[in-house]
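These are the residues of each chain, in order.
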Amino acid sequence: MGKVIVKCGVKRESGYLYFLNKKGDVARVKMKRAGMRGSFKQQVLVKCGVKREAGMLYYIDKNGHVACTKMARGGRKKAKKRKTAKKKTTKRKKAKKKTTKRKKAKKKSTKRKTKKKAKKKSSKKKAKKRSTKKKTTKRKKAKRRR
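In this report, the structure presented in the accompanying data block is examined. (Residues numbered from 1 in each chain as written. Predicted model: local features only at pLDDT ≥ 70, side-chain atom pairs only at ≥ 80, totals over all residues. Heavy atoms only, no water.)

Looking only at helices and strands, the chain features one helix and six strands. When the elements of the chain are put in sequence order from the N terminus, they spell out β-β-β-β-β-β-α. Within the chain, buried positions represent 13% of all 146 residues. For the chain, contacts bridging at least 24 residues in sequence account for 40% of all contacts bridging at least 6. For the chain, the computed accessible surface area is about 15,600 Å², with 53% contributed by carbon and sulfur atoms. (Helix = DSSP H or I, 4+ residues; strand = E, 2+ residues; numbered from the N terminus. Buried < 20%, exposed > 50% of the residue type's maximum accessible area, 1.4 Å probe, protein only. Contact = heavy atoms within 4.5 Å. Areas by Shrake-Rupley, 256 points an atom, 1.4 Å probe, with all protein chains shown as cover.)

Below, the structure is given as structure tokens:
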């Protein structure tokens, strides 16, 4: 919680942004929404003339008064990790899985399908390129005749 510097008692309206301007006066600006063009001029509500200090954050609180608080620099300090005793673990032997012929056959069939699809796509692209070349050559010949 901050320390109140100047008691202004500014009444807030929705749709406005309230702040302390460069001169230290309480001002407001209409908030920009989606679809709105241009920028808005700030309206000075109360002339306070607050002198700012480095490392302090100035704001307008709930009651409409100018307040300040120390800025948080560097974030929160991390908590130290506690050393925990390592638990003894026993290694378990992994059972080897047997692969059946059916699984191998399925893998081979899927590989073949993907190769066929890739060939079809590349052949379609080549056909499109050929057709566009033919069209452009026909147009050029027609222009030369004219």
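This next bit is on the pairing of strand β2 (residues 16-20). In this structure, β2 lies alongside strand β3 (residues 26-30), joined through five bridges in antiparallel fashion. If you follow Leu20 over to β3, its bridge partner there is Val26. What sits between β2 and β3 in their antiparallel hairpin is a turn of five residues, with Gly24 showing a positive phi close to 95 degrees. (Pairing = 2+ DSSP bridges.)

Let's shift gears to the sheet that holds β2. Ordered by their spatial adjacency, three strands build an open sheet running β2-β3-β4, and the pairing between neighbours is antiparallel. A strand with exactly one partner marks an edge of an open sheet, and here the two such strands are β2 and β4 (43-46). Each neighbouring strand pair of the sheet contributes to a mean axis angle of 35 degrees, computed without reference to strand direction. One ladder, built from three bridges, connects β3 with β4; its direction is antiparallel. From the neighbouring strand, Ala27 faces β4, where its bridge partner is Val44. (Axes fitted to C-alpha atoms, helices over the stretch in contact; angles between N-to-C directions.)

This part covers the sheet that holds strand β1 (residues 3-6). Here we have three strands laid out as an open sheet, ordered β1-β6-β5, and antiparallel in their pairing. If you trace the sheet from one side to the other, it starts and ends with β1 and β5 (56-60), each paired once. Mean inter-strand twist for the sheet, computed between neighbouring axes without regard to direction, equals 35 degrees. Sheet analysis places β1 next to strand β6 (residues 66-70), joined by three bridges and oriented antiparallel. By the bridge assignment, Lys3 is partnered in β6 with Cys68.

Inspection of every chain in the model, using the stated rule, returns one salt bridge. In this structure, the salt-bridge partner of Arg28 is Glu13, at a minimum N-O distance of 3.4 Å. Here Glu13 lies in the loop between β1 and β2 and Arg28 lies in strand β3, a separation of 15 residues in the sequence. Its relative accessible area of 11% is what places Arg28 among the buried residues. (Salt bridge = Lys/Arg side-chain N within 4 Å of Asp/Glu carboxyl O.)

A cluster of basic residues, Arg139, Lys140, Lys141, Lys143, Arg144 and Arg145, forms a positive patch on the protein surface. One can find Lys141 in helix α1 (residues 101-145). (Patch = residues over 30% accessible without salt bridge, like charges linked within 9 Å, V, L, I, M, F, W, Y side chains within 5 Å. Lys, Arg positive; Asp, Glu negative; His and termini not counted. Charge placed at Lys NZ, Arg CZ, Asp CG, Glu CD.)

Attention now goes to the side chain of Arg28. Side-chain polar atoms of Arg28 contact the side chain of Glu13, separated by 3.4 Å. Side chain to side chain, Arg28 and Tyr18 meet in a polar contact 3.3 Å long. (Polar contact = N/O pair within 3.5 Å; in protein donor to acceptor, adjacent residues only side chain to side chain.)

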